[in-house]
Structures are given as structure tokens and as C-alpha cells.
Amino acid sequence: MKTVLPWLLWLWIASTIVCAYLLAPPMKGFAAHGESSRLLFFHVPMAWTAFVAFLAAGIWSALYLKTRRPRHDRAANAAVQIGLVFCLLATVTGAIWARVQWGAFWNWDPRQLSITVALVYYAAYLALRSQVEDAEVRARVSGAYAVLGLVVAPFLFFFAPRVAAFSLHPQPVINKEVLTGQQGPGMDPTALAILVAGALGFMVLFFWLHNLTTRLAALEDDRNEPA
Amino acid sequence: MSDPGSTSAAAWVAEAAAVFAKDWRCEFRTRYALNTLGLFAFTTLVVVSLVLGPVGVAPGLATTVLPVILWLIVLFAVTAGLPRIFVAEEETHTATALRLAATPSALFAGKLLYGFTVVLALEALITPLFLAMVQLEARRPDLLVAALLAGGYGLATGSTLVASIVAQARGKSALFAVLLLPVLVPGLLFAVQLTRAAVGGEAPGVEVQMLLLYDGTLTVAGLMLFPTIWNP
């Protein structure tokens, strides 16, 4: 069963990609006769997965600070590493979409800035880990920094865009549709289903990769432990 | 018979005050932070006014652009000087004595108060000079003072917490800036917007509440996280 599940996951993601290109109708209001909307089936799930990964990293770090069990620190570190890949892909796909839709890769949109700051924050987390030799101190200080990330995140993602002068980003419309199930302009039920299926696929992919990474890290820790 | 709660609260305040007084005493002996922050900020200010001076900023853009430059000067000065808050304790091997002498939360509060007063001193020096050199008028001085107080407090809180983290790592100075900037981005954004309202003479939006919320949240997070960072 364990060998079948990854293949099922790949099949699910591959089907989502095929559906995004062949089944989803072009959305109204998007550039290139609505064809640019197909990028959102990758960009939005990647951004959500990155958000879930960083949230999970913060929770695992808080658990480490409470229990001091190394497995929680390994889990937090793995979540940040994989979350960063998703965050980078979300940023790049977002920039490509912005070029097609708004005419420039970078538009000073508050949400572009938020995700870039998140990228820098968790890259800094990894830089911090690389600069502390003692494993216990490394886990403690990086854990505190990841929990601080949970505190700063609402200001970056929810409060800072409120004081921004403008936002071109269509995310609130899409989020509302996905969260409430209400259909709005430019989002039909097929597209919504593919978007949710893509998000599910990427999130399961994240947890699968996370499982592999933490198991590998546990083996490395066992090997490095003095006998 | 005295209330044990009030006794412990008084002891906590006394510990925090002792840390604050100790840090200022050390500062007056070495003048490290004041010299570094003050000179760094002043040099940056001179460079900015040299670059902007002959060209100037279009009147329409001045209220938008210049507040950003003011906060960048303060931010870079803080980044250069405030890591010393905890790094000095590790380098002079006084961290262990501090761990024994004060409860972590009182130590954090004392260090935070020290950092805040240093930032306030820096802002008091730089802001009038900046306004005079770039010929910018604060139409709402009350808002400017609020931005400098609340924004400065946010800078000091984030810096104190991150300084305690980098004190236990290698490559402290570079790492301090890398770790600190993403933490301070929301607070700086609110402070810049509030400063824009102050120089533009506009009524503020939700920036004051956001800045106070940010400051309060960072303080609570600092008081909760610092004991785990500080105590092995």
C-alpha cells in the first residue's frame, strides 16, 4: 500500500495539470483571452501550501519549545525547507502571471510584497540554523524565530494590505469563492473544483515530502549521535 | 503582612530597572551604541542630503518619498548598533551572571527599555536635522511624535528579541540584519504611513491602531519567547 500511495498522488497531480489545461474554461477578465487564468491552478495552490507549511513549522516549533523533543525540531526544519520551495514557486509563477496580466513582473502589489517577505523570513530561519553549531541551542533559537514568524504573519498577510494604497491582486475574490462556495464573476464550478483538487494534491505532496525529509533527518541524527 | 504578589511584582520591576541602569552605565563608559548609531545615522543623513540636495524631490512626491528615507536611516542605524544589547553580554562573558541575577522576563524588559531609550535618543537627534536638511515640514507634529514613539518602540522590541537570538550564533552582525528586517517590515510600513500623514497634514487611517497592535503583540511574544531563548 505504501508504494501505491505515492503513485496515486502523482496520478492525482498529473490529472489536475491535464484538467487545468484541457478542461478548465478560460476565465473572464484575464489576459490572453482568459488563457492566463490557467497559471492560477498552480500559483494559488502553491501559495496555500507554502502558507500551510510555514504554519505547521510554527506549530512544530512551539511544540519543541514546550516538550524539547528533537523530532519536533526536525519536523519544523523540514516544513520550512519544503515550504520555501513552494513559496519560491508561488512567487515565480505569480510574477509570470503578473507579467501577462499587468504588464510587469513586479507591481508593488501588497500581496507580492507579503509573500516575498515570507520568503526572506524563512530563508533567514535556515541561515540562522546554519550559524549555530550546538544542536540544542540551534533548535531552541530557531524554534523561537519560527514561533515569532507566526506572530508576524497576520500583520504581513492581513493587516499590512489594509493600509496599502492599492492592490491589483484578485485573490480575495477567488478565496471568497473557494471558502464560501459562492460563485463569482470569472470562476465557474469546474475551475473551482480543479483549483481545490490542485490545492489538495500539493498539500498531500507537501506532507509526503515532509515525512521523507524528517525520516531522513532522524537517521542522520542517529548516525551523528556519539555511541 | 505584605501581599506576595505585589512583592514579586516589585522585585520584577527592581530587576528590570537594575538591568536598564546597568546597560546605561556601561553605555556611558564605552559610548558604543550612541557613537555607532548617532554617527551612522548622521553620515547617512549627510549622504542623503548630498544626493537629494541639488536635485531635490518634487513637492508632490516629497511627502511620499522622504518619510521612507527617514525611517530607512533609523532602521540602518538600529541594525548597526543594537545587536550589542546581547552580543556584548556573550563576548564579555557576563551572560551567566545575568542569568543568575535576573528573571528572564525582567531582563528582557530592562534590555527593551534600554534599546527603546537609545532609539528615542537617535530619533530626537536625527528627525529635526532631517526635516531641516530636506526642508520638510511636519504639518501634524502630534502624529509625527506618535509615529516616532510607536515606530521606535516596535524597532526596539524586534531588535531586542532578535539580538538575543543572534547572540548565540556565529556571524552575528550580518545575521542580525537578515533576521531583523522581515520581523520589522509590518511595523515600518505602519510607521511610514503615519509619518506620511504627519508631513502631509492628513487625518490618519488605521495606522495608529495597527502600530499599537504590532507593538503590543511583539512585546507579549518577546516576554513569552525570551525565557526559552535565554535559558539553556
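Residues numbered from 1 in each chain as written. Chains lettered and ligands numbered in written order. Predicted model: local features only at pLDDT ≥ 70, side-chain atom pairs only at ≥ 80, totals over all residues. Heavy atoms only, no water.

K.L.:
Kindly report on the side chain of A:R38, identifying the contributing residues and their values.
P.N.:
All names here are of chain A. Topologically, R38 is positioned in the loop between α1 (4–22) and α2 (40–67). For R38, a relative accessible area of 10% puts it in the buried group. A polar atom in the side chain of R38 sits 2.7 Å from the side chain of E35. Apart from residues lying up to four places away in sequence, R38 is in contact with A20, Y21, A24 and P26. (Helix = DSSP H or I, 4+ residues; strand = E, 2+ residues; numbered from the N terminus. Buried < 20%, exposed > 50% of the residue type's maximum accessible area, 1.4 Å probe, protein only. Polar contact = N/O pair within 3.5 Å; in protein donor to acceptor, adjacent residues only side chain to side chain. Contact = heavy atoms within 4.5 Å.)

K.L.:
Which residues make up the pattern of salt bridges, and what values do they have?
P.N.:
Applying the stated criterion to the full structure yields 11 salt bridges over all chains. The partner of A:R38 in a salt bridge is A:E35, with the nearest N and O atoms 2.7 Å apart. The shortest N-O distance in the salt bridge between B:D23 and B:K111 comes to 3.2 Å. Highlighted residues: B:D23 in helix α1 (residues 4–30) and B:K111 in helix α6 (residues 104–133), separated in sequence by 88 residues. The residues B:D23 and B:K111 share a single accessibility class, namely buried. Through salt bridges with shared partners, one network takes in B:K22, B:D23, B:E89 and B:K111. (Salt bridge = Lys/Arg side-chain N within 4 Å of Asp/Glu carboxyl O.)

K.L.:
Please provide a residue-by-residue account of the packing of aromatic side chains, values included.
P.N.:
Applying the stated criterion across every chain, the model contains 17 aromatic pairs over all chains. Ring centres of A:F155 and B:F190 lie 6.5 Å apart, and the angle between their planes is 65°; on these two criteria the pair is classed as edge-to-face. Here A:F155 is found in helix α5 (residues 135–163), whereas its partner B:F190 is found in helix α8 (residues 172–200) on a different chain. Of the residues examined, A:F155 reaches a relative accessible area of 3% and is grouped as buried. Ring plane angle 85° and centroid distance 5.4 Å describe the contact between A:F155 and B:Y214, whose orientation is recorded as edge-to-face. Placement of A:F155 in helix α5 and of B:Y214 in helix α9 (residues 207–230) is noted, with the two residues assigned to different chains. Under the relative-accessibility criterion, B:Y214 is labelled buried at 2%. An aromatic cluster of three or more residues is present, and its members are A:F54, A:Y121, A:Y122 and A:Y145. Its end group placed over the ring of A:F105, A:R99 keeps NZ or CZ at 5.8 Å from the ring centre. (Phe/Tyr/Trp six-rings, centres within 6.5 Å; stacked < 30°, edge-to-face > 60°. Lys NZ or Arg CZ within 6 Å of the ring centre and 35° of its normal.)

K.L.:
Go over the interface of chain A and chain B, please, and point to the residues and values.
P.N.:
Listed by partner, the interface residues are 28 residues for chain A and 30 residues for chain B. For the pair chain A and chain B, the summed buried area comes to about 2600 Å², and 77% of that belongs to carbon and sulfur atoms. Along the contact surface separating chain A from chain B lie 3 residue pairs in polar contact (both at pLDDT 80 or more). When residues of the side of chain A that touches chain B are traced back to their parent elements, those giving at least two are α4 (110–130) and α5 of chain A. (Buried area = accessible area lost by both parts, 1.4 Å probe.)

K.L.:
Please give an account of the confidence of the model for chain A that cites residues and values.
P.N.:
As a general rule, the predicted coordinates of low-pLDDT regions are not to be interpreted in detail. Across chain A, the average pLDDT comes to 85, with 88% of residues at or above 70. Low pLDDT, under 50, characterises residues 177–181 of chain A; the predicted model gives this stretch 11 contacts beyond four residues in sequence or across chains. (pLDDT = per-residue confidence, 0-100.)

K.L.:
Kindly report on the nonpolar core, identifying the contributing residues and their values.
P.N.:
Judged by nonpolar contacts, the single largest core of 130 residues is most densely connected at A:L128, A:Y145, A:L148, B:F130, B:L179 and B:V183. Residue contributions to this core peak at 14 residues, all from α8(B). If sequence neighbours within four positions are ignored, B:L179 has contacts with A:A124, A:L128, A:Y145, B:V162, B:I165 and B:V166. (Core = buried A, V, L, I, M, F, W, Y, C linked by side-chain atoms within 4.5 Å.)

K.L.:
Run through unusual backbone geometry, naming residues and quoting values.
P.N.:
Although it is not a glycine, A:R68 adopts a positive phi angle of roughly 60°. With respect to the helices, strands and loops of the structure, A:R68 is situated in the loop between α2 and α3 (70–102). Overall, A:R68 belongs to the partly exposed group, its relative accessible area being 33%. Positive phi, normally seen in glycine, also occurs at B:Q135, with a value near 55°. Following the sequence through the fold, B:Q135 ends up in the loop between α6 and α7 (141–166).

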